Amino acid sequence: MVTVGPGVGDRTGTPAATRTPARTRPGGQARSAPPPPPPRAAWLRAWERLPEGLRYSLVVYSITRVFVLVAVIGYQAANPRESLSHSAGKWDGWWYVRIAQSGYSESLRPPVTRITDWHHGYSDWAFFPGYPLVVGAVQRLTTLPTGLIAVAVTTVFGLLTLWAVHGLGREFGGREVGRASALLVAAWPGSAIFQQPYSEGLFLAAVTAALLALQRERWVLAGLLGAVATATRPSGVALVVAAGAVAAVRLLRDREWRPLLAPVLSCAGAGAFLAYGWWRTGDPMVWRHAENLWVQRFDLSHKMLDTWAQSLLHLPRSAHAPGGGQLLATSLVQILGALALAALVPAIWVLRRRLALPLAVYAAVSLVMILGYSAVGTRPRTLLAVVPAFVWFAAWRPRAARIAAWAMAPLLGVLTVLWLWRVTP
Amino acid sequence: MTPALRRPARLAATAAVAALLCSGCGPGPNLMPRRTAGTTGRSTIVLMVAPTRAAVLAGVDAFVKGRGSRIVSAVGTPAEVATSVKDGAVVDAVVLPSGPDLDRVRNELVAAPLPLGAVAGTPYWAAPVTYRGLVFAQFLQTPQGRSLLHAHGVTGSGTAG
């Protein structure tokens, strides 16, 4: 991560004079030398030693997290009976924490201690192991509660994601684009997921760093980071395809085999998980069968559009039906995501001659997956996976990107409350 | 992107999208429940085998009538029913004869299979996959459920699974 991280090569950006204390030269020139600067606090020196991209990411991450924090505090005040650990263990977070604690089931459906537990109707095999593996490892080292560790881990990976996005943007269009890209991701409402026990933090950090490594033609590193990504979320397949496209082009054009290392290594993460699932359950297709239980089918958004129509065309009756408010909120959030995607079109058109192959292929495959599966849909959380989109938008209109970012930052709090309430992230 | 690279890049992208579409349309559950009894409430999905069809459907109709609920069901061979459960079909209960197909689904059940009785000497079981399926399976063991099963050719009560 560090070797491909943004800011490598520029480090602190601090002028040399401020870093190097004045030295007394032999020959009596000490009197003319400027007085040594006052000693700085250790934390300030440590801060200045951080790469510029990491420092900027840390600042915007901290500022934007205030909206999330305020939302959590507000929700807890309104729902004092709901514990923080219960709030953190909702939706997919429950499954990740469970896998981190107890590993995967020996069957498709998990065993339950109460027959009324609805979780038995679903499957833990739909969740890839990268994130729960990290959470489990940190939990064993610290012995802190798993739910707390899960949120802390994803928060840290959220920061690393911003740093990597900064690097990708900088690679694409310079320092200003790097900063605007990181700010856009930090303020994008879906990034509130970095404070939920979800795998997005690890996945996005790995996939963005892998794209950066592909851009810099560091094939082995790209492959290793790709392996982390494919072990973390099934959407890592988009990275494999992007790495494969780059390798195919290099093979055809230059007869160069080494780029093939990136897609081959990238497959290792998902491959290891599928092999483990086969060994553990005896079913080589256990992941696909788990997806069936979660009703994850490729339907070209048919079900999502149907839900939008039912929610919006039959207002206000639909809002008052049982579960109607939840459906309406989900639809509105997805429509927000779809509108953001639409805003991307002019950016792609303007930048069409500058789109690098790995970023373009990765973004295209990610979009096909998002728009193809209704169960995923255009939720702000899932759109985060289209990392290059943030870079392109920032490169197209850096100033507008910054303004848009600060304008939508309060939505981080709104989405946090919706997720804590009843809307699936 | 240079013109020399456009063609292989397009080929690669097309192949990727095709592979993705194929993977998304992978094998789905075998049996598609088609018969619906009841009009209100959340659906309980039941898969059954042909020899017990009439008896179990009589139980289904009595269950939904008394509770204001809905049951969606399908009929298949024991292998089809077991494969649907193993392939991740959204199912609440299955009716299967004793044998390898019942053994295949045992670790997918929320509770032990409940005996229904025998048809032509073969014992049949109501195997609950979810709690809702268990409620239906337990209904088949009530005096009302038993009398309906007996009226449609299911004899005896078997032993607990």
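For every chain, the first residue of its written sequence is number 1, and the numbers climb from 1 along that sequence. Going through the entries in the order they are written, you letter the chains from A and number the ligands from 1. Given that this is a predicted model, residues contribute local features only at a pLDDT of at least 70 and side-chain atom pairs are listed and counted only at 80 or more, while totals for whole chains, interfaces and linings are drawn from all residues.

*Asks:* Where do I start with the overall build of chain B in this structure?
*Replies:* The helix and strand labels rest on DSSP assignments: H or I over at least four residues marks a helix, E over at least two residues marks a strand, and numbering proceeds from the N terminus. Across its full length, chain B carries six helices and six strands. In chain B, the succession of helices and strands from N to C terminus is α-β-β-α-β-α-β-α-β-β-α-α. Exposure classification rests on a simple neighbour count of other C-beta atoms within 10 Å of a residue's own: a residue reaching 20 or more is buried, one at 12 or fewer is exposed, and one in between is partly exposed. C-beta atoms are placed from the backbone. By the burial criterion, 41% of the 161 residues in chain B qualify as buried.

*Asks:* Would you take a moment to explain unusual backbone geometry for this structure?
*Replies:* Residues other than glycine predominantly adopt negative phi, and peptide bonds predominantly adopt the trans conformation. Residues and elements named next belong to chain A. One non-glycine residue, glutamate 217, lies in positive phi territory at about 60 degrees. Assignment of secondary structure puts glutamate 217 in the loop between α9 (200-215) and α10 (219-230). With phi around 55 degrees, leucine 300 is a residue other than glycine that occupies positive phi space. Assignment of secondary structure puts leucine 300 in the loop between α13 (286-293) and α14 (302-313).

*Asks:* What is the right way to look at the pairing of strand β5 (residues 114-119) of chain B in this model?
*Replies:* Note on strand geometry: in a regular strand, side chains alternate between the two faces of the sheet. All names here are of chain B. Note that β5 and strand β6 (residues 122-128) share five bridges and pair antiparallel. Residue valine 119 lies in a different strand from β6, and its bridge partner there is threonine 122. The criterion for strand pairing is that DSSP finds at least two bridges linking the strands in question. In sequence, β5 turns back onto β6 through a hairpin of two residues, with alanine 120 there showing a positive phi of about 55 degrees.

*Asks:* Sorry if this is basic, but what is going on with the nonpolar core here?
*Replies:* In globular proteins that are soluble, nonpolar side chains generally tend to be buried together. All names here are of chain A. Counting 127 residues, the largest nonpolar core has Leu184, Ala206, Ala210, Leu225, Ala242 and Val387 as its most contacted members. When residues of this core are assigned to their parent elements, the largest contribution, 13 residues, is made by helix α7 (residues 146-173). A residue pair is marked as a contact if its C-beta atoms, positioned from the backbone, fall within 7 Å. Once residues within four sequence positions are removed from consideration, valine 387 is found in contact with Val165, Leu168, Leu204, Val207, Thr208 and Leu211. The nonpolar core is taken to be a set of buried Ala, Val, Leu, Ile, Met, Phe, Trp, Tyr and Cys residues joined by way of C-beta atoms within 7 Å.

*Asks:* Explanation requested: the pairing of strand β4 (residues 93-97) of chain B in the structure shown.
*Replies:* All names here are of chain B. When you tally the buried positions in β4, you get five out of five residues, the bulk of the element. Both faces of β4 are covered, namely the face carrying Ala93, Val95 and Pro97 and the face carrying Val94 and Leu96. Pairing of strand β2 (residues 43-49) with β4, which is carried by two bridges, proceeds in the parallel orientation. Considered in β4, the bridge of valine 46 is made with alanine 93. When β4 meets β6, the two strands line up antiparallel, connected through five bridges.

*Asks:* Is there a simple way to explain helix α12 (residues 261-281) of chain A in this structure?
*Replies:* Residue and element names in this part refer to chain A. Each helix should span, by expectation, one fewer than its residue count multiplied by 1.5 Å. For α12, which comprises 21 residues, the first-to-last C-alpha distance of 30 Å matches the rise-based estimate of 30 Å (1.5 Å per residue) to within 8%. Of all the residues in α12, the buried ones are Ala262, Pro263, Leu265, Ser266, Gly269, Ala270, Phe273, Gly277 and Thr281. Summarising the contacts, the buried residues of α12 are in contact with α6 (130-142), α9, α10, α11 (237-254) and α13. Of the residues flanking the end of α12, it is glycine 282, one or two places downstream, whose phi is positive at about 80 degrees.

*Asks:* Please clarify how the sheet that holds β2(B) should be interpreted in this entry.
*Replies:* Adjacent strands of a sheet pair through backbone hydrogen bonds, lying either parallel or antiparallel. All names here are of chain B. Taken in spatial order, the six strands of this open sheet run β1-β3-β2-β4-β6-β5, and their pairing is mixed. Each of the sheet's edge strands pairs with one partner strand only, and the pair in question is β1 (35-37) and β5. On average, each strand axis in the sheet is tilted by 20 degrees relative to the strand beside it, whichever way the strands run. Structural elements are reduced to axes, namely lines fitted to C-alpha atoms, with helices fitted over the stretch in contact, and the angle between N-to-C directions of any two is expressed from 0 to 180 degrees. Packing against the sheet, helix α3 (residues 78-86) makes contact with β2, β3 (70-76) and β4, and its axis sits at approximately 145 degrees to β4. In the packing of helix α5 (residues 131-140) onto the sheet, the strands contacted are β2, β3, β4, β5 and β6, and the crossing angle to β6 comes to about 140 degrees.

*Asks:* Where do I start with α7(A) in this structure?
*Replies:* At 3.6 residues per turn, the α-helix brings residues three or four places apart onto the same side. Residues and elements named next belong to chain A. If you check α7, its first and last C-alpha atoms are 40 Å apart, about what 28 residues at 1.5 Å a residue would give, namely 40 Å. By the criterion of burial, α7 is predominantly enclosed, with 23 of the 28 residues buried. Taken from the residues just after α7, glycine 174 is the one with a positive phi, measuring 100 degrees.

*Asks:* What's the story with the environment of Arg288(A) in this structure? I'm lost.
*Replies:* Residues and elements named next belong to chain A. With respect to the helices and strands, arginine 288 occurs in helix α13. According to the C-beta neighbour criterion, arginine 288 is buried, with 21 such atoms within 10 Å. Linking arginine 288 and arginine 81, residues 207 residues apart in sequence, is a C-alpha distance of 38 Å.

*Asks:* Quick question: what am I supposed to make of the packing of α7(A) against helix α8 (residues 175-187) of chain A here?
*Replies:* A pair of packed helices is captured by two measures, namely the crossing angle of their axes and the spacing between those axes. All names here are of chain A. Between α7 and α8, whose axes approach to 7 Å, the crossing angle comes to 145 degrees. Crossing of α7 against α8: the hand is right-handed. Residue-level contacts link Thr161, Leu162, Val165, His166, Gly167, Leu168, Gly169, Arg170, Phe172 and Gly173 of α7 to Arg175, Val177, Gly178, Arg179, Ala180, Ser181, Ala182, Val185 and Ala186 of α8. Handedness of a helix crossing follows the sense of rotation of the near helix relative to the far helix, less than a right angle counterclockwise being left-handed and clockwise being right-handed.

*Asks:* Can you help me understand the confidence of the model for chain A in this one?
*Replies:* Close reading of the predicted structure is inappropriate where its pLDDT is low. One confidence number per residue, pLDDT, is output by the predictor and ranges from 0 to 100. A residue-level look at chain A finds 92% of positions with pLDDT of 70 or above and a mean pLDDT of 89. Every residue in residues 1-28 of chain A scores below 50 in pLDDT, and together they form 43 contacts with partners more than four places removed in sequence or on other chains.

*Asks:* Hey, could you run me through the confidence of the model for chain B in this one?
*Replies:* Averaged over chain B, the pLDDT score is 84; the fraction of residues at 70 or greater is 78%. Here the complex is predicted with pTM 0.87, and the ipTM for its interfaces comes to 0.83.

*Asks:* Which parts of the structure should I look at to understand the packing of helix α5 (residues 92-102) of chain A against α6(A)?
*Replies:* Residue and element names in this part refer to chain A. Where α5 meets α6, the axes come as close as 8 Å, and the angle between the chain directions of the two elements is 55 degrees. Considering their axes alone, α5 and α6 lie oblique with respect to each other. Two packed elements cross with a definite hand, and for α5 against α6 that hand is right-handed. Residues Tyr96, Ile99 and Ala100 of α5 form the contact with α6, whose own contacting residues are Tyr131, Pro132, Val135, Gly136 and Gln139. Three classes are used, and their members are as follows: Ala, Val, Leu, Ile, Met, Phe, Trp, Tyr, Cys and Pro are nonpolar, Asp, Glu, Lys and Arg are charged, and the others, Gly among them, are polar. Of the residues assigned to the contact of α5 with α6, the class counts are six nonpolar, two polar and no charged. Our angle categories are set so that under 35 degrees counts as roughly parallel, over 145 as roughly antiparallel, 65 to 115 as roughly perpendicular, and the remainder as oblique.

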